[in-house]
Amino acid sequence: MKAAAIMPKKIGSLHFVEVPVPRISPEEVLVRIIRVGLDGTDKEIGMGYYGTAPKGCDYLIVGHESFGRVEKMGDGTSGCGLKVGDYVVATVRRPDKCINCAAGESDMCLTGNYTERGIKGAHGYMTEYYKEVPANLVKIPSSIAEPAVMLEPMSIAEKAVTQPFEIQSRMVWAPKTAVVLGTGTVGLFAAMLLRLRGLDVVSVDRTESNPIKEDIFKSMGIRHINSSKVAIGDIPKSIGKNVDIVVELTGSPAVVYDAMNLSGPNGLVSLVSVTGGSYVANVDMAKLNYNLVLGNRVVVGVVNSNIKYFRKGVADMVSIEKAHPGLLKGMITRRVPFEEFDNYGILEDREQIKVVIEFEKILKKG
Ligand code: BGC
Ligand code: ZN
């Protein structure tokens, strides 16, 4: 079968490799890929900034946002809740032996020795078939079969939105207003999830919004601010309120200092963009420290997601789909046939929300 791979740390090295269809052990499941999403991490991998091959291999099969269908079940998998024909999404990170990983929280790995399928030390899903143990698979109801290729980014938004509430259980906390910086896939999902929790949500990017984003904002009652018109630091003044939760998802290190200063008293800032490289800025640390200390403010970094957040993501996708049919699917703005996926150029187009690689047309389940 065919798979798409890169040579780690080599720009422009995306190519097809011919690999055998995986042979499953009795404990494993064989999954046929239907589509795979691309994101900023894939872009970084394509540029050679990020990504490592599995031990003993010189290439890395890419792709970590998967959607597929169970093709074959190992003899020892009975009772796992899956059957041939089910739609599934696989999680990304695989544990090492640290205490967090051992507790099922590989997203909180203590050592950095985890692997991530399609990213770090383990092959990904940009291939016709992959194998997995059922414990790393999430069953997808057919009502969200179309948008479920975005469950992995949704799971990141779930973690970015859930953890603030867990952290703030340190006091009486009734957040009312949230600002989400960035309107990529995870940014839009984070705004939606905060709305579902009843907050007043302001979504911020540098543009007058596009029609698909407008539709999301209107359907869900999210406000939009163009940061080329209102400076980030002026947002609380412009909306006339303190901000309780800030989620930073722009991927731009230039925004981080302003984001950290944006929350009101007892507020929390969740930083979610993985920014490689270096960005040196001359900033007022006294002001930042003063604000953080006097306001009991929290700044927290959030990465990856464990299966618990994928499951939450399924439930929230189902309820969004029910309330606003087709809204989620509309975020898939570009579909590229797998055979044509030989470069990451498409990720340069800032007009796109989610770009996916298509492996086959969905056959409607009977
Ligand atoms: C993925 C995460 C991963 C992170 C860092 C993100 O694009 O969604 O699952 O942990 O990159 O590798
Ligand atoms: Zn670990």
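Residues numbered from 1 in each chain as written. Chains lettered and ligands numbered in written order. Predicted model: local features only at pLDDT ≥ 70, side-chain atom pairs only at ≥ 80, totals over all residues. Heavy atoms only, no water.

Considerations on the packing of aromatic side chains
Okay, step 1: Here the structure, examined in full by the defined rule, presents 6 aromatic pairs.
Okay, step 2: Between Phe338 and Phe359, the aromatic rings sit 4.2 Å apart at their centres with planes inclined by 25 degrees, giving stacked as the arrangement. Of this pair, Phe338 sits in the loop between β18 (332-337) and β19 (354-358) while Phe359 sits in the segment after β19, placing them 21 residues apart in sequence.
Okay, step 3: Note on Phe359: relative accessible area 16%, which makes it buried.
Okay, step 4: Site record: aromatic cluster; members linked through ring pairs are Phe16, Phe338 and Phe359.
Okay, step 5: The ring of Phe16 has Lys2 sitting right over it, with the charged end atom 4.2 Å from the ring centre.
Okay, step 6: One residue, Arg197, lies across the ring of Phe165, its end atom 4.3 Å from the ring centre. (Phe/Tyr/Trp six-rings, centres within 6.5 Å; stacked < 30°, edge-to-face > 60°. Helix = DSSP H or I, 4+ residues; strand = E, 2+ residues; numbered from the N terminus. Buried < 20%, exposed > 50% of the residue type's maximum accessible area, 1.4 Å probe, protein only. Lys NZ or Arg CZ within 6 Å of the ring centre and 35° of its normal.)

Notes on helix α9 (residues 307-323)
Okay, step 1: Compared with an ideal rise of 1.5 Å per residue, which puts 17 residues at 24 Å, α9 spans 25 Å between its outermost C-alpha atoms and is within 8% of the ideal.
Okay, step 2: Where α9 is buried, its residues contact β6 (87-90), β11 (137-140), α3 (151-167), α4 (185-196) and α5 (211-220).
Okay, step 3: The N-cap residue of α9 is Asn306: its side-chain oxygen and the backbone nitrogen of Lys308 are 2.9 Å apart. (Expected span 1.5 Å × (residues − 1). Contact = heavy atoms within 4.5 Å. Polar contact = N/O pair within 3.5 Å; in protein donor to acceptor, adjacent residues only side chain to side chain.)

Quick word on the site of ligand 1
Okay, step 1: Close contacts around ligand 1 come from Asp39, Thr41, Tyr50, His64, Arg93, Glu116, Ile119, Glu152, Ile156, Val303 and Asn304, and that covers them all.
Okay, step 2: At a separation of 2.8 Å, an oxygen atom of ligand 1 approaches a polar side-chain atom of Tyr50.
Okay, step 3: At 3.5 Å from an oxygen atom of ligand 1 is found a side-chain nitrogen or oxygen belonging to His64.
Okay, step 4: Expressed as a share of its isolated accessible area of 310 Å², the protein-covered part of ligand 1 is 93%.
Okay, step 5: Partitioned by chemical class, the residues of the shell around ligand 1 number 4 nonpolar, 3 polar and 4 charged. (Near = heavy atom within 4 Å. Areas by Shrake-Rupley, 256 points an atom, 1.4 Å probe, with all protein chains shown as cover. Nonpolar A, V, L, I, M, F, W, Y, C, P; charged D, E, K, R; others polar.)

Digging into the domain arrangement of the chain
Okay, step 1: Domain boundaries assigned for the chain yield domain 1 (2-146 + 331-365) and domain 2 (155-301).
Okay, step 2: Taking the mean C-alpha position of each, domain 1 and domain 2 sit 29 Å from one another.
Okay, step 3: Each partner contributes residues to the interface: domain 1 has 9 residues there, and domain 2 has 12 residues.
Okay, step 4: Both faces considered, domain 1 and domain 2 share a buried interface measuring about 840 Å² in area, 60% of it formed by carbon and sulfur atoms.
Okay, step 5: Here domain 1 is connected to domain 2 by 1 salt bridge.
Okay, step 6: Viewed at the interface, domain 2 and domain 1 are joined by 1 residue pair in polar contact (both at pLDDT 80 or more).
Okay, step 7: Partitioning the side of domain 1 that touches domain 2 into residue classes produces 3 nonpolar, 1 polar and 5 charged. (Domains from an automatic or database assignment. Buried area = accessible area lost by both parts, 1.4 Å probe. Salt bridge = Lys/Arg side-chain N within 4 Å of Asp/Glu carboxyl O.)

Looking at the nonpolar core
Okay, step 1: Judged by nonpolar contacts, the single largest core of 53 residues is most densely connected at Phe67, Ile140, Leu151, Phe189 and Met331.
Okay, step 2: The leading source of residues in this core is α4, at 8 residues.
Okay, step 3: Of the residues that make up this core, three or more belong to each of domain 1 (2-146 + 331-365) and domain 2 (155-301).
Okay, step 4: Membership of the second largest hydrophobic core comes to 31 residues, among which are Leu82, Ala90, Tyr125 and Leu137. (Core = buried A, V, L, I, M, F, W, Y, C linked by side-chain atoms within 4.5 Å.)

Describing the coordination of the zinc ion (ligand 2)
Okay, step 1: For the zinc ion (ligand 2), the full set of protein donor atoms is Asp96 (OD), Cys98 (SG), Cys101 (SG) and Cys109 (SG), and the range of their distances to it is 2.0 to 2.3 Å.
Okay, step 2: What the 4 donor atoms of the zinc ion (ligand 2) show is an angle range of 93 to 122 degrees at the metal, which sorts the shape as tetrahedral. (Donors = N, O, S within 2.8 Å, 3.2 Å for Na, K, Ca; no water. Tetrahedral: all angles 85-135°; square planar, octahedral: opposite > 155°, others 65-115°.)

Topic: the pairing of strand β16 (residues 268-271)
Okay, step 1: Relative to β16, strand β15 (residues 245-248) is paired through 4 bridges, and the arrangement is parallel. Paired with Ile245 across the bridge in β16 is Leu268.
Okay, step 2: Viewed along the sheet, the connection from β16 through helix α8 (residues 285-294) into strand β17 (residues 298-301) turns out right-handed. (Pairing = 2+ DSSP bridges. Right-handed = clockwise from strand over helix to strand, strands pointing away.)

What about the packing of α4 against α9?
Okay, step 1: Contact geometry of α4 with α9 gives a least axis separation of 11 Å together with a crossing angle of 80 degrees. As the angle between them shows, α4 and α9 are arranged roughly perpendicular. Residues Phe189, Met192, Leu193 and Leu196 of α4 touch α9, and the partners they reach there are Asp316, Met317, Ser319 and Ile320.
Okay, step 2: Looking at the contact of α4 with α9, its residues break down into 6 nonpolar, 1 polar and 1 charged. (Axes fitted to C-alpha atoms, helices over the stretch in contact; angles between N-to-C directions. Parallel < 35°, antiparallel > 145°, perpendicular 65-115°, else oblique.)

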